[in-house]
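Summary of the model geometry
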Amino acid sequence: MAKRHSKATAARRGARPRRASASPDGVNRKKLVAFHQALQFGDGITRADAKKRFGWKNDATFSRWLDKVEKTFPVRMIRPERVVGMSADHSCWRCEPLASIPLNVPTETAALFAHLCGEFGPAMLGTAGRNLAKFAKELDASMPQEVRDELASLKDRVRFFFRQTGAGIPGVFGDLVKAIATNRLVEMEYESAAKALAALTASAGGAASAQPASPPAPAPAGKARKKTVPPPAKQFEVLGIYFAKRSLYAVVREHGKHDPRSLDGLWSARLDRIKGLRIGTGTFDPPPGFSVAEYMKPAWEAFRVNPPKMVTVTIRVDPSVHVNIASTTWHPSQRYEFKDGKHLYRFRVDGFSELKYWVLSLGPGAEVVSPPQCRTEMAELLRNMSMTYGAPP
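Residues numbered from 1 in each chain as written. Predicted model: local features only at pLDDT ≥ 70, side-chain atom pairs only at ≥ 80, totals over all residues. Heavy atoms only, no water.

1. Things to note about the confidence of the model for the chain
Note the cut-off: The pLDDT value tells you how sure the predictor is about a given residue, anywhere from 0 up to 100. Put simply, DSSP marks the helices as runs of H or I at least four residues long and the strands as runs of E at least two long, and each gets a number from the N terminus on. Residues count as neighbours in contact if any of their non-hydrogen atoms are within 4.5 Å of one another.
This prediction gives the chain a mean pLDDT of 76; 65% of its residues lie at or above 70. Strand β9 (residues 310-317) holds the highest mean pLDDT among the elements of the chain, 94, whereas helix α1 (residues 7-12) holds the lowest, 50. Here residues 164-168 is modelled with pLDDT under 50, and outside its nearest four sequence neighbours on either side it reaches six contacts, counting other chains as well.

2. Quick word on the sheet that holds strand β8 (residues 274-283)
Backbone-to-backbone hydrogen bonds join strands into a sheet, with any given pair of strands oriented parallel or antiparallel. Inclusion rule: If DSSP finds at least two bridges between two strands, the strands pair. Throughout, an axis means a line fitted to C-alpha atoms (over the contacting stretch in the case of helices), and angles, computed between N-to-C directions, take values from 0 to 180 degrees.
Taken in spatial order, the five strands line up as β7-β6-β5-β4-β8 in an open sheet, and their pairing is antiparallel. What marks the edges here is a single partner per strand, and that holds for β7 (267-270) and β8. Adjacent strand axes in the sheet meet at a mean angle of 40 degrees, parallel and antiparallel pairs treated alike. Across four bridges, strand β6 (residues 247-254) lies against β7 in antiparallel orientation. When the sheet's bridge partners are listed, A250 is paired in β7 with A269.

3. Re unusual backbone geometry
Put simply, the rule reads: A simple rule labels every residue: compare its accessible area, found with a 1.4 Å probe on the protein chains alone, to the largest value its type can have, and call it buried under 20%, exposed over 50%, or partly exposed in between.
N306 connects to P307 through a cis peptide bond whose omega is 0 degrees. The topology assignment puts P307 in the loop between α9 (292-296) and β9. Positive phi outside glycine occurs at N183, with the angle close to 55 degrees. For D340, which is not glycine, the phi dihedral falls at a positive 55 degrees. Mapped onto the secondary structure, D340 falls in the loop between β10 (335-339) and β11 (342-350). Residue D340 is classed as exposed on the basis of its relative accessible area, which comes to 70%.

4. What about the packing of helix α2 (residues 29-40) against helix α3 (residues 47-54)?
Note the following rule: To sort the angles, those under 35 degrees are grouped as roughly parallel, those over 145 as roughly antiparallel, those from 65 to 115 as roughly perpendicular, and the leftovers as oblique. Left-handed describes a crossing in which the near helix is turned anticlockwise from the far one by less than a right angle; the clockwise case is right-handed. Side-chain classes follow a simple rule in which Ala, Val, Leu, Ile, Met, Phe, Trp, Tyr, Cys and Pro form the nonpolar group, Asp, Glu, Lys and Arg form the charged group, and the remainder, Gly included, forms the polar group.
Relative orientation of the contacting elements α2 and α3 amounts to 155 degrees, with a least axis distance of 12 Å. Taken as axis vectors, α2 and α3 run roughly antiparallel relative to one another. Relative to α3, α2 is oriented so that their crossing is right-handed. Residue-level contacts link K31, A34, F35 and A38 of α2 to A50, R53 and F54 of α3. Among the residues forming the contact of α2 with α3, the class breakdown is five nonpolar, no polar and two charged.

5. As for the nonpolar core
Put simply, the test is: Only buried Ala, Val, Leu, Ile, Met, Phe, Trp, Tyr and Cys residues count toward a nonpolar core, and they belong to the same one when joined by side-chain atoms within 4.5 Å.
Core analysis: the biggest nonpolar cluster contains 19 residues, and V313, I315, L355, W358 and V359 have the highest contact counts within it. Of all the elements in the fold, those that place two or more residues in this core are β9, α10 (319-325), β11, α11 (355-361), β12 (366-370) and α12 (372-390). In terms of residue count, the dominant contributor to this core is β9 (four residues). The next biggest cluster of nonpolar side chains, apart from the first, holds 18 residues, and it includes A34, A38, L39 and L66.

6. Observations regarding α3
This is how the line gets drawn: Directions drawn from the helix axis to the C-beta atoms are what define this arc.
Looking only at α3, the buried set comprises R47, A50, K51 and F54. One face of α3 carries all of its buried residues, which in axial projection span an arc of 100 degrees. Of the exposed residues in α3, the ones pointing more than 90 degrees away from its buried face are K52 and R53. For α3, the elements touching its buried residues are α2, β1 (45-46) and α4 (59-72).

7. Focus: the side chain of D350
Operational definition: Two N or O atoms count as a polar contact when they lie within 3.5 Å, although within protein this holds only if one can serve as hydrogen donor and the other as acceptor, and sequence-adjacent residues are included solely when both atoms are side-chain atoms.
Along the chain, D350 falls in strand β11. A polar atom in the side chain of D350 sits 3.0 Å from the backbone nitrogen of V305. Residues in contact with D350, not counting those within four places in the same chain, are P298, F303, R304, V305, P308, K309 and M310.

8. Side note on the side chain of S268
Mapped onto the secondary structure, S268 falls in strand β7. Within the local environment of S268, its side chain forms a polar contact with the side chain of Y242, the two groups lying 2.6 Å apart. Apart from residues no more than four positions distant in its own chain, S268 is found in contact with Y190, Y242, Y249, A250, A302 and F303.

9. Brief notes about α2
Applicable threshold: Here, expected helix span is obtained from the residue count minus one, scaled by 1.5 Å.
Its twelve residues place the ends of α2 17 Å apart at the C-alpha level, agreeing with the 16 Å of an ideal helix rising 1.5 Å per residue. Those residues of α2 not exposed but buried are L32, A34, F35, H36, A38 and L39.

10. Digging into the packing of α2 against α4
For the pair α2 and α4, the least separation of the axes is 10 Å and the interaxial angle reads 90 degrees. Between α2 and α4, the angle falls in the class roughly perpendicular. Only F62, W65, L66, K68, V69 and T72 of α4 make contact with α2, whose side of the interface consists of R29, K31, L32, F35, H36 and L39.

11. Points about the sheet that holds β11
Reading across the sheet, the four strands line up as β10-β11-β9-β12 and stay open at both edges, with antiparallel pairing between neighbours. Edge positions in the open sheet fall to β10 and β12, since each of these has one partner strand only. Averaged over neighbouring strand pairs, the angle between their axes works out to 30 degrees when direction is ignored. Here five bridges tie β10 to β11, and the two strands are oriented antiparallel to one another. For F338, the partnering residue across the bridge sits in β11 and is H343. In the packing of α12 onto the sheet, the strands contacted are β9 and β12, and the crossing angle to β12 comes to about 145 degrees.

Now the structure itself:
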């Protein structure tokens, strides 16, 4: 019988002691991960292949490691179907991830998430939304039956309304996400609001005149007509996507015109105004640490001003308005002060163009106190509206 020697004895004799590959709980983690990956890849792994690959001598060892995988990873083991004439050693075992709720997540939160995905996903995001809705259904199905019953009883009384945006959004959204993930430049055809208004005005003018267009004049004899070469397509950097005012927007800027480390030149492109998009082969480096949330924080809702025009606006409201808006945080910079019997709200925002329409929605119980230029802009807006309603329709 061969003698067993300790590590110290092996060291004295010049031999290298064997390293323990197992973790403190007795499980070889490296082997466990490799076995888990083999079960997930393709059609899985047969019992014969597993024995050969991992050095297991019998079926009992194979079964024990199957149990270890199920206990360690959130998966469900799928047993092979029995095939007549085929040995059980050559049938494939595999596993698939469980669509379940982590125990530390409240079922109400998971339920809300699942139903939001079902409402929001397909209408807004096309194929990506359908995949999200499919996952939501699996998540919903994994919840306790009593929670599902309660949700079913409330489905017609609790709703989240997300209005569908332009018809071309799903394809554009998917391409923009790919461009963001790989920092690829895109070629984009964009119809701004000003361009759309100009086209509408031109079409209305053309319909009014209704004169046929004259054919182009022929080129003089002996002279060939010059070929017009279209200008090179503009390339844009896509830094992020966000949702605001019932629409999806992309934060973009023209490539090569600004310091890549700065936020100069950024603007928001509404996805339903993108008429053409192609992912290019070139790449770009986004500004270090760029975050859509941080970039949009100074905006009142959907837009930043380029270049930024930060302004602190003070609004005085009546008590009737105060009781309706006090419980809501309308902007991260919001500050409230009760001074000399007056309710004052202060906001520091990038530009006044969006905030003035919110003040207008509060009615006569809200008044812009400062700065003077914002108060003047508000007064001009109200004068124009008064003129509109002063005349008969």
